[in-house]
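Listed below are the residues making up each chain.
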Number of protein chains: 2
Amino acid sequence: MLADQPPVTTKTDNDDLPFAQALTRARDLAESTICDALVGAEGDVADSMIYAVKGGKGLRAFLVIESARLFGIDRFVSRPAAGAIEAIHAYSLIHDDLPCMDDDDLRRGKPTVHRKWNEHIAVLAGDALQALAFELLGGMGRAELTLGLANAAGVRGMVGGQAMDIAAEGVATPLSLDEIMQLQAGKTGALIRWAASAGAVMAGEDPAPLESFGGKIGIAFQIADDILDVEGDAASLGKAVGKDAGAGKATFVSHLGLDGAKSRARELVTEACDALSSYGDKADCLKDAARFVISR
Amino acid sequence: MLADQPPVTTKTDNDDLPFAQALTRARDLAESTICDALVGAEGDVADSMIYAVKGGKGLRAFLVIESARLFGIDRFVSRPAAGAIEAIHAYSLIHDDLPCMDDDDLRRGKPTVHRKWNEHIAVLAGDALQALAFELLGGMGRAELTLGLANAAGVRGMVGGQAMDIAAEGVATPLSLDEIMQLQAGKTGALIRWAASAGAVMAGEDPAPLESFGGKIGIAFQIADDILDVEGDAASLGKAVGKDAGAGKATFVSHLGLDGAKSRARELVTEACDALSSYGDKADCLKDAARFVISR
């Protein structure tokens, strides 16, 4: 999408991997954490939970694993938190796709849960994935991780943003840029910010630089999503495109224009990387992630 | 309903109240905890969260507060856990009432959330109440409370029971008594068991006697519900009655008969009270709660 970005860093250290491989590894670790936690749980709800979790990019899991590695925390220690954030993310997608919400048929290149099963399985699978996230975090023995994720997922975070988004539909006056910023800070930003700062919280270190980083890439991520809604195609994205423009919905692109949105996304990535300057080279993989969010 | 129970104990100690007043106090404390946590959150989702929480009996909050008092833990310390369990309970009712689930119009004597607002607000309010529960618990700094409630609320607990319940609808062979026991141990039992044992978990004491107590009153509670579905009236219950019998659904009453169900409920209450024998008089208020669940 944005070809004029610096190349993604390739690592040679023992535990370091090129970005794309590290992303896949984090995603697989989060998926296996969730599958392991569901061993012995049978039936459509458990099946649909696993179905919904599989096939994501694993960006949020990557942010958890890599922000923890910044403080010397092994990925097998941070793994439950990576599973937790992907469980919350998957639950939010299942519920957002429901007929009474965004009414989508396609997600991650597959039929949505309520299309493959039915609506009540979709409601319950989402509910159970949210509970599973807190079960995984509860097992880590760090109450502040629970507090932070619950806040990010709730009415002041993700759910609040989604409510603003749906409330804006069918309203004559489109949202202002400030309102879109507020909406997205909740809807997509809050989970990304939590994921990026989880490592510092686990280590008992100041999370402020990582929160700043996470906040900026969260907005960049949403700008990129808005650009993809205009420029992308459904086959490669695995979900419907052109929905926002078709619905006359205010987006970063409708406010800033396509070039303005791309330029703003690049600025945010630069600012996000600058926020990590105090960590030096150790944060290179996180900087790769920042570039990735606008180059999908 | 079951007139031949011993009278409910009246306490005279400073912090002790007659059962009915202690129940009201616990309910009010849970409601105010949730309202306090939502100060500043605006809009339909926050409004509907508070609407859904209000008007319950507060039994689960009472079990948390009183099981904590058994170990000398003040109600202002256990209060977030009381708010958490009522938040989870309220979320489960909102989602269970949805058109794609039990499709109910009336709850706690008021229109259900999706009838008063709409379906997407009902999905989001339930989602945000679940997050709020874990936010309240996260603030207590006791990860084992989070782990236990998440497990009780999830696919192996409440959601699993609800999934079994819906799957049983429209199936030619009615559920066996063992299957109903398993279903209810999840659907209603898991939260009640967590609530009853929360005080021991907070105190770092053995939760086994309280878990046994909670497990038994959980089943007694559901038997009483099945009896009320046959004998009760919608006006005093605040929800629809006769739904199960009308749907030809297997219940404790359909398996045991009305008299057999009442007798089994009484036995369970006696067994539940016996499970608390090691606590002596201090557990009298919890024994009152056991009698209450079958005398609604």
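Rules used in this analysis
Residues numbered from 1 in each chain as written. Chains lettered and ligands numbered in written order. Predicted model: local features only at pLDDT ≥ 70, side-chain atom pairs only at ≥ 80, totals over all residues. Heavy atoms only, no water. Helix = DSSP H or I, 4+ residues; strand = E, 2+ residues; numbered from the N terminus. Rg over C-alpha atoms; globule rule 2.2 N^0.38 Å. Buried < 20%, exposed > 50% of the residue type's maximum accessible area, 1.4 Å probe, protein only. Contact = heavy atoms within 4.5 Å. Areas by Shrake-Rupley, 256 points an atom, 1.4 Å probe, with all protein chains shown as cover. Buried area = accessible area lost by both parts, 1.4 Å probe. Salt bridge = Lys/Arg side-chain N within 4 Å of Asp/Glu carboxyl O. Polar contact = N/O pair within 3.5 Å; in protein donor to acceptor, adjacent residues only side chain to side chain. Nonpolar A, V, L, I, M, F, W, Y, C, P; charged D, E, K, R; others polar. Expected span 1.5 Å × (residues − 1). Axes fitted to C-alpha atoms, helices over the stretch in contact; angles between N-to-C directions. Parallel < 35°, antiparallel > 145°, perpendicular 65-115°, else oblique. Left-handed = near helix turned anticlockwise from the far one by under 90°. Least-squares fit on C-alpha atoms with pLDDT ≥ 70 in both. Phe/Tyr/Trp six-rings, centres within 6.5 Å; stacked < 30°, edge-to-face > 60°. Lys NZ or Arg CZ within 6 Å of the ring centre and 35° of its normal. Core = buried A, V, L, I, M, F, W, Y, C linked by side-chain atoms within 4.5 Å.

**Student:** Kindly report on the overall build of chain A, identifying the contributing residues and their values.
**Tutor:** When you go through chain A residue by residue, the secondary structure sums to 14 helices and two strands. Taken against the 2.2 N^0.38 rule, which gives 19 Å for 296 residues, the C-alpha radius of gyration of chain A at 18 Å falls within 12% of a compact globule. Taking the principal axes of the C-alpha coordinates as reference, chain A spans close to 50 × 50 × 35 Å. With 296 residues in all, chain A has 56% of them scored as buried. Summarising the internal contacts of chain A: among those between residues at least 6 apart in sequence, 73% fall at separations of at least 24. Put simply, chain A shows about 11200 Å² of open surface, and 50% of that area lies on carbon and sulfur atoms.

**Student:** Describe the interface of chain A and chain B, listing the residues and the values that go with them.
**Tutor:** Each partner contributes to the interface: chain A provides 40 residues, whereas chain B provides 40 residues. Across the chain A to chain B interface the summed buried area is about 3100 Å²; carbon plus sulfur atoms make up 71%. It is E135, V155 and R156 of chain A in chain A that bury the most area against chain B; as a group they hold 17% of the surface buried on that side. Across the chain A-chain B interface, the total number found is zero salt bridges. Where chain A touches chain B, the interface holds 12 residue pairs in polar contact (both at pLDDT 80 or more). For the side of chain A that touches chain B, the secondary structure elements donating two or more residues are α2 (44-53), α4 (75-96), α6 (119-138), α7 (143-153) and α8 (158-168) of chain A. At 11 residues, the largest contribution of residues to the side of chain A that touches chain B is made by α6 of chain A. Looking at side-chain class alone, the side of chain A that touches chain B contains 24 nonpolar, 11 polar and five charged residues.

**Student:** Lay out helix α10 (residues 208-231) of chain A in plain terms, naming residues and giving numbers.
**Tutor:** With 24 residues, α10 of chain A should reach 34 Å at 1.5 Å per residue; the first-to-last C-alpha distance of 34 Å fits that figure. Counting buried residues in α10 of chain A gives 17 out of 24 residues, a clear majority hidden from the surface.

**Student:** Give a description of the environment of H114 of chain B that names residues and reports values.
**Tutor:** Residue and element names in this part refer to chain B. Assignment of secondary structure puts H114 in helix α5 (residues 113-116). The class for H114 is buried, based on a relative accessible area of 9%. The spatial distance from the C-alpha of H114 to the C-alpha of V155 is 24 Å, given a sequence separation of 41 residues. Excluding residues that lie within four positions of it along the chain, H114 makes contacts with D97, L98, P99, D103, D104, E119 and A122. Separated by 3.5 Å, the side chain of H114 and the backbone oxygen of D104 make a polar contact.

**Student:** Help me get a handle on the packing of α6 of chain A against helix α7 (residues 143-153) of chain B, residues and values and all.
**Tutor:** Across the interface, α6 of chain A lies against α7 of chain B with an axial gap of 8 Å and an inter-helix angle of 150°. Comparing the axis directions of α6 of chain A and α7 of chain B gives the class roughly antiparallel. Between α6 of chain A and α7 of chain B lies a crossing whose hand is left-handed. Contacts between α6 of chain A and α7 of chain B involve A131, F134, E135 and G138 of chain A from the former and A143, T146, L147, A150, N151 and A153 of chain B from the latter. Taken together, the residues of the contact of α6 of chain A with α7 of chain B sort by class into six nonpolar, three polar and one charged.

**Student:** Quick rundown of the pattern of salt bridges? Include the residues and the values.
**Tutor:** All names here are of chain A. Taken as a whole and judged by the stated rule, the model has 28 salt bridges over all chains. A salt bridge links R27 to E31, with the shortest nitrogen-to-oxygen separation between them at 3.9 Å. Here the residue R27 and the residue E31 both occupy positions in helix α1 (residues 19-37), the gap between them amounting to four residues, near one helical turn. You can call E31 buried: its relative accessible area is 11%. Bridged by salt links that share partners, the residues K216, R264, E267 and E271 form one connected network.

**Student:** How would you summarise the relation of the copies chain A and chain B if you had to cite specific residues and measurements?
**Tutor:** When chain A is brought onto chain B, the operation consists of a screw motion whose angular component is 180° and whose axial shift is 0.0 Å, with 0.0 Å RMSD remaining. Taken together, these values place the two copies in the relation of a two-fold axis. For chain A, the smallest separation between a C-alpha atom and the rotation axis is recorded for A143 of chain A, amounting to 2.6 Å. Comparing interface residues between copies, 100% of those in chain A also lie at the interface in chain B; the contact surface is shared.

**Student:** Could you give me a rundown of the side chain of Q184 of chain B, with the residues and numbers involved?
**Tutor:** Residue and element names in this part refer to chain B. Among the structural elements, Q184 can be located in helix α9 (residues 177-203). For Q184, a relative accessible area of 11% gives the class buried. Setting aside residues up to four positions removed in sequence, Q184 forms contacts with G189, Q222 and F252.

**Student:** Report on the packing of aromatic side chains, specifying residues and quantitative values.
**Tutor:** Overall, the coordinates contain nine aromatic pairs over all chains when judged by the stated rule. Ring centres of Y51 of chain B and W117 of chain B lie 5.1 Å apart, and the angle between their planes is 80°; this geometry places the pair in the edge-to-face category. Here Y51 of chain B, found in helix α2 (residues 44-53), pairs with W117 of chain B, found in the loop between α5 and α6 (119-138); they are 66 residues apart in sequence, far enough to count as distant. Taken together, the ring pairs in this structure connect F19, F62 and F292 of chain A into an aromatic cluster. Note that R60 of chain A overlies the ring of F221 of chain A, its terminal NZ or CZ placed 5.4 Å from the centroid. One Lys or Arg, K110 of chain B, reaches over the ring of Y51 of chain B and ends 4.1 Å from the middle of that ring.

**Student:** Could you give me a rundown of the nonpolar core, with the residues and numbers involved?
**Tutor:** Counting residues in each nonpolar core, the largest one holds 203 residues, and the members touching the most others are F62, L63 and W194 of chain A together with F62, L63 and W194 of chain B. Here F62 of chain A is in contact with F19, A22, L23, A26, S67, C285, L286 and A289 of chain A, once residues within four sequence places are set aside.

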